[in-house]
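# A closer look at the structure
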Amino acid sequence: MQGVTVVDHPLVQHKLTLMRDRTRSTKGFRQLLNEIGMLLLYEITRDLPIEPVEIETPLTRMTAPQLAGKKLVLAPILRAGVGFLDGMLDLVPSARVAHIGLYRDPETLSAVEYYFKAPSDLADRLVLVLDPMLATANSAIAAVDRLKERGARELRIACLLAAPEGIRNFQGMHPDVPIWTAAIDERLDEHGYIVPGLGDAGDRMFGTH
Ligand code: PRP
Ligand code: URA
């Protein structure tokens, strides 16, 4: 599927299976989400630009690669997107963080914004939107709308599970924003939940329901 990368690394797939299991504890679910976040980020940042720098090793001088440009922005959609954050920050500790508070109206399935705080120079940075679940994609679309409105030009989506309906919807609105996911599931049910899915990611992360 164009514009979508399924991260089919065995470690990611194994951990995702553990997360889908309804008996997984809140603690286990949260830990696995962080671990997968780190592995996804490794793939998503594979093509980041690098530049040569002069350094001195204990033995000699050399020219070595380092990341070029401004630090990237991690933009978790609250609540569940926060589950990716610690794992990703372990990998890129100096990343900036934009928090996007959205919830899905259970009747209309449209996204309702309640919080937004982002660095002011989004235009100069790669922005990674984090949300484990791309269901209808209304939340991801609203998040990207808002980030673009604030100047973001280069964006990517990191999710754990995507529904085919959500991918189509998202790509219809933001064809310029590529998606990375651990799996594309079968479909949405009549309540907009991903099937087979893993249930409500926020509830499973925080032990609410
Ligand atoms: C869930 C999930 C996504 C959204 C996905 O959030 O974490 O943000 O639904 O659904 P969509 O693709 O159909 O928009 P929810 O609204 O349950 O909020 P929460 O994370 O605060 O529980
Ligand atoms: N949000 C979730 O947390 N899970 C779904 O399956 C759909 C939306």
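Preceding this section is the structure that the text describes.
Residues numbered from 1 in each chain as written. Chains lettered and ligands numbered in written order. Predicted model: local features only at pLDDT ≥ 70, side-chain atom pairs only at ≥ 80, totals over all residues. Heavy atoms only, no water.

### Section: the overall build of the protein chain
Applicable threshold: Helix numbers and strand numbers start at the N terminus; a helix is a DSSP run of H or I with at least 4 residues, a strand a run of E with at least 2. Exposure classes here rest on a 1.4 Å probe applied to the protein chains alone. A residue is buried below 20% of its type maximum, exposed above 50%, and partly exposed in between. Every residue pair with non-hydrogen atoms within 4.5 Å of one another is taken to be in contact. Each accessible area is a Shrake-Rupley result for a 1.4 Å probe, and residues are judged covered by the shown protein chains and nothing else.
Of regular secondary structure, the protein chain possesses six helices and 13 strands. Along the first, second and third principal axes, the C-alpha set of the protein chain runs to 65 × 40 × 30 Å. Taking all 209 residues of the protein chain together, the buried fraction comes to 45%. Of all intrachain contacts in the protein chain linking residues separated by at least 6 positions in sequence, the fraction that spans at least 24 positions is 63%. Accessible surface for the protein chain amounts to roughly 10,900 Å². Of this, 53% is attributable to carbon and sulfur atoms.

### Things to note about the site of ligand 2
Where we set the bar: Here a residue counts as near a molecule or strand whenever at least one of its heavy atoms sits within 4 Å of it. The definition of a polar contact used here is a pair of N or O atoms within 3.5 Å, where within protein one atom must be able to donate a hydrogen and the other to accept one, and adjacent residues in sequence count solely through side-chain atom pairs. Under the scheme applied, nonpolar residues are Ala, Val, Leu, Ile, Met, Phe, Trp, Tyr, Cys and Pro; charged residues are Asp, Glu, Lys and Arg; polar residues are all the others, including Gly.
As a matter of local geometry, ligand 2 sits amid Arg-104, Met-133, Ala-135, Gly-192, Tyr-193, Ile-194, Gly-199, Asp-200 and Ala-201. The separation between an oxygen atom of ligand 2 and a polar main-chain atom of Ile-194 is 2.8 Å. Here Ala-201 contributes a backbone N or O atom positioned 2.8 Å from an oxygen atom of ligand 2. For the shell around ligand 2, the per-class residue count stands at five nonpolar, two polar and two charged.

### Here we look at the nonpolar core
Applicable threshold: Working definition of a nonpolar core: buried Ala, Val, Leu, Ile, Met, Phe, Trp, Tyr and Cys residues. They are joined through side-chain atoms within 4.5 Å.
If you look at the biggest cluster of nonpolar residues, it comprises 36 residues, and the most contacted ones within it are Leu-74, Met-88, Leu-130, Leu-160 and Leu-161. Secondary structure elements with two or more residues in this core: helix H1 (10–20), helix H2 (26–44), helix H3 (85–91), strand S8 (126–130), strand S10 (154–162), strand S11 (179–184) and helix H6 (201–206). If you tally residues by element for this core, the top one is H2, at seven residues. Grouped together as the second largest cluster of nonpolar side chains are 27 residues, Ile-77, Ile-141, Leu-155 and Ile-179 included.

### Considerations on the site of ligand 1
For clarity, the cut-off: Detection works on a 1 Å grid of protein atoms alone, calling trapped sets that fit a 1.4 Å probe cavities and calling open sets with protein on both sides within 12 Å along at least five of seven lines pockets, with lining residues defined by an atom within 4 Å of a point. If over half the atoms of a molecule are within 2 Å of the grid points of a cavity or pocket, the molecule is regarded as sitting in it.
With respect to spatial proximity, 14 residues lie near ligand 1, and among them Arg-104, Asp-131, Thr-136, Ala-137 and Ser-139 are the closest. In the model, an oxygen atom of ligand 1 is placed 2.8 Å from a nitrogen or oxygen of the Arg-79 side chain. A distance of 2.7 Å is found between an oxygen atom of ligand 1 and a backbone nitrogen or oxygen belonging to Arg-104. Compared with its free state, where it exposes 500 Å², ligand 1 has 90% of that area covered by protein. The cavity that encloses ligand 1 is the largest pocket. Residues that form the shell around ligand 1 fall into these classes: seven nonpolar, three polar and four charged.

### Looking at the packing of aromatic side chains
To be explicit about the condition: Working definition: a ring pair exists when centres of Phe, Tyr or Trp rings (six-membered ring for Trp) sit within 6.5 Å. Plane angles under 30 degrees give stacked, over 60 give edge-to-face, the rest tilted. Distance and angle both matter: a charge sits over a ring if NZ of Lys or CZ of Arg is within 6 Å of the ring centre and within 35 degrees of the ring normal.
For the coordinates displayed, the defined rule picks out one aromatic pair. It is Arg-104 that lies over the ring of Tyr-193; its NZ or CZ is 5.3 Å from the centre. Stacked on the ring of Phe-116, the Lys or Arg Arg-146 has its end atom at 4.6 Å from the ring centre.

### Focus: the layout of surface pockets
A water-sized probe, rolled over the atoms, reveals where empty space remains. Counted only if it meets this: Grid points are joined across faces, edges and corners, and a volume is the space filled by probe spheres set on the points.
Its boundaries defined by the atoms lining it, the largest pocket holds a volume of some 590 Å³. Surrounding the largest pocket, 29 residues form its lining, Tyr-103, Arg-104, Ser-139, Asp-200 and Gly-202 being those nearest its centre. The calculated volume of the second largest pocket comes to roughly 430 Å³. Lining the second largest pocket are 20 residues; nearest its centre among them are Leu-48, Ala-68, Lys-70, Lys-71 and Leu-72. Looking at the lining of the second largest pocket residue by residue, the classes come out as 10 nonpolar, two polar and eight charged.

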